[in-house]
Amino acid sequence: MSSTTAPSVSTTASLRRRSLGILAAVAACVAIWLVGAFGGADYAVRSPGQAVMVVNLVPVVVVSLAAALLGWAALALLERFTGRSATTIWFSLVVAATLLSFAPLLQVDATAGAKIALGAMHLTVPAVLVSQLPENDH
């Protein structure tokens, strides 16, 4: 009976840690956005051939939450199908996705403050996920 209790506690603890990691990633992006906004960053970005878009707090929350949940889903799938190599594969995917996420940021016209804040957000989500999502015993 105690052998069935231990995995449940471990699973619950892992679920709690990962959920808090997702929330921490989103909260960190919100904090970065707020610091930039209070510091005077103009979050109006102009993509080539597109209308000016102001990056307000709603897209920051939605995109950071979606990216974090996608990262969690990818890790969960890898853990299910690849076993012990899941974390290594996932980390490689995180690095690749992070590097690719900078392509649009490098192509838009925006103030230096906006680019710095947005770039920090692009680094914050994966940093929090890498520190919180993988199991420590692998």
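Residues numbered from 1 in each chain as written. Predicted model: local features only at pLDDT ≥ 70, side-chain atom pairs only at ≥ 80, totals over all residues. Heavy atoms only, no water.

Draft legend 1. Summary view of the nonpolar core. Residues Tyr 43, Trp 90, Met 121, Leu 129 and Leu 133 are the most contacted members of the largest nonpolar core, which totals 28 residues. Elements supplying a minimum of two residues to this core: helix 1 (2-38), helix 2 (57-82), helix 3 (86-107) and helix 4 (112-132). By residue number, the principal contributor to this core is helix 4, which donates seven residues. Contact partners of Met 121, with chain neighbours within four places excluded, come to Cys 29, Ile 32, Trp 33 and Val 60. (Core = buried A, V, L, I, M, F, W, Y, C linked by side-chain atoms within 4.5 Å. Buried < 20%, exposed > 50% of the residue type's maximum accessible area, 1.4 Å probe, protein only. Helix = DSSP H or I, 4+ residues; strand = E, 2+ residues; numbered from the N terminus. Contact = heavy atoms within 4.5 Å.)

Draft legend 2. Region of interest: the pattern of salt bridges. Applying the stated criterion to the full structure yields three salt bridges. Taken together, the shared-partner salt bridges connect Arg 17, Arg 18, Glu 79 and Glu 135 into one network. (Salt bridge = Lys/Arg side-chain N within 4 Å of Asp/Glu carboxyl O.)

Draft legend 3. Quick look at the packing of aromatic side chains. A full pass over the atoms with the stated rule returns one aromatic pair. Taking 5.3 Å as the distance between ring centres and 15 degrees as the angle between the ring planes, the aromatic pair formed by Trp 33 and Tyr 43 counts as stacked. Taken together, the residues Trp 33 in helix 1 and Tyr 43 in the loop between helix 1 and strand 1 (44-46) connect sequence positions ten residues apart. As far as the burial class goes, Trp 33 and Tyr 43 line up, both buried. (Phe/Tyr/Trp six-rings, centres within 6.5 Å; stacked < 30°, edge-to-face > 60°.)

Draft legend 4. Representation of the layout of surface pockets within the structure. Its volume calculated, the largest pocket comes out at about 840 Å³. Lining the largest pocket are 31 residues, with Val 63, Ser 64, Ala 67, Ser 101 and His 122 sitting closest to its centre. Elements represented by at least two residues in the lining of the largest pocket include exactly strand 1, helix 2, helix 3 and helix 4. The residue inventory of the lining of the largest pocket, partitioned by class, reads 23 nonpolar, seven polar and one charged. (1 Å grid on protein atoms, 1.4 Å probe; cavity = no way out; pocket = protein on both sides within 12 Å on 5 of 7 lines; lining within 4 Å. Points joined across faces, edges and corners; volume = space filled by probe spheres on them. Nonpolar A, V, L, I, M, F, W, Y, C, P; charged D, E, K, R; others polar.)

Draft legend 5. Spotlight on helix 3. Between its first and last C-alpha atoms helix 3 spans 33 Å; for 22 residues at 1.5 Å apiece the expected length is 32 Å, and the two agree. Listed in full, the buried residues belonging to helix 3 are Ala 86, Trp 90, Val 94, Thr 98, Phe 102 and Leu 105. One face of helix 3 carries all of its buried residues, which in axial projection span an arc of 140 degrees. The exposed set on the far side of helix 3, more than 90 degrees from its buried face, consists of Thr 88, Leu 99, Leu 100, Leu 106 and Gln 107. Buried positions along helix 3 lie against helix 2 and helix 4. (Expected span 1.5 Å × (residues − 1). Arc of directions from axis to C-beta.)

Draft legend 6. Looking closely at the packing of helix 2 against helix 3. Helix 3 packs onto helix 2 with a crossing angle of 145 degrees between their chain directions and a minimal axis gap of 9 Å. Note that helix 2 runs across helix 3; the crossing there is right-handed. Contacts between helix 2 and helix 3 pair Gly 71, Ala 74, Leu 75, Leu 78, Glu 79 and Thr 82 from the former with Ala 86, Thr 87, Ile 89, Trp 90 and Leu 93 from the latter. Tallied by class, the residues present in the contact of helix 2 with helix 3 amount to seven nonpolar, three polar and one charged. (Axes fitted to C-alpha atoms, helices over the stretch in contact; angles between N-to-C directions. Left-handed = near helix turned anticlockwise from the far one by under 90°.)

Draft legend 7. Main features of the packing of helix 2 against helix 4. Viewed as axis vectors pointing N to C, helix 2 and helix 4 meet at an angle of 35 degrees, and their least axial separation amounts to 10 Å. As for the relative orientation of helix 2 and helix 4, their crossing is right-handed in sense. Along the contact surface, helix 2 presents Val 60, Ser 64, Ala 67, Ala 68 and Gly 71, while helix 4 presents Met 121, Val 125 and Leu 129.

Scope: geometric values only; no functional claims are made or implied.
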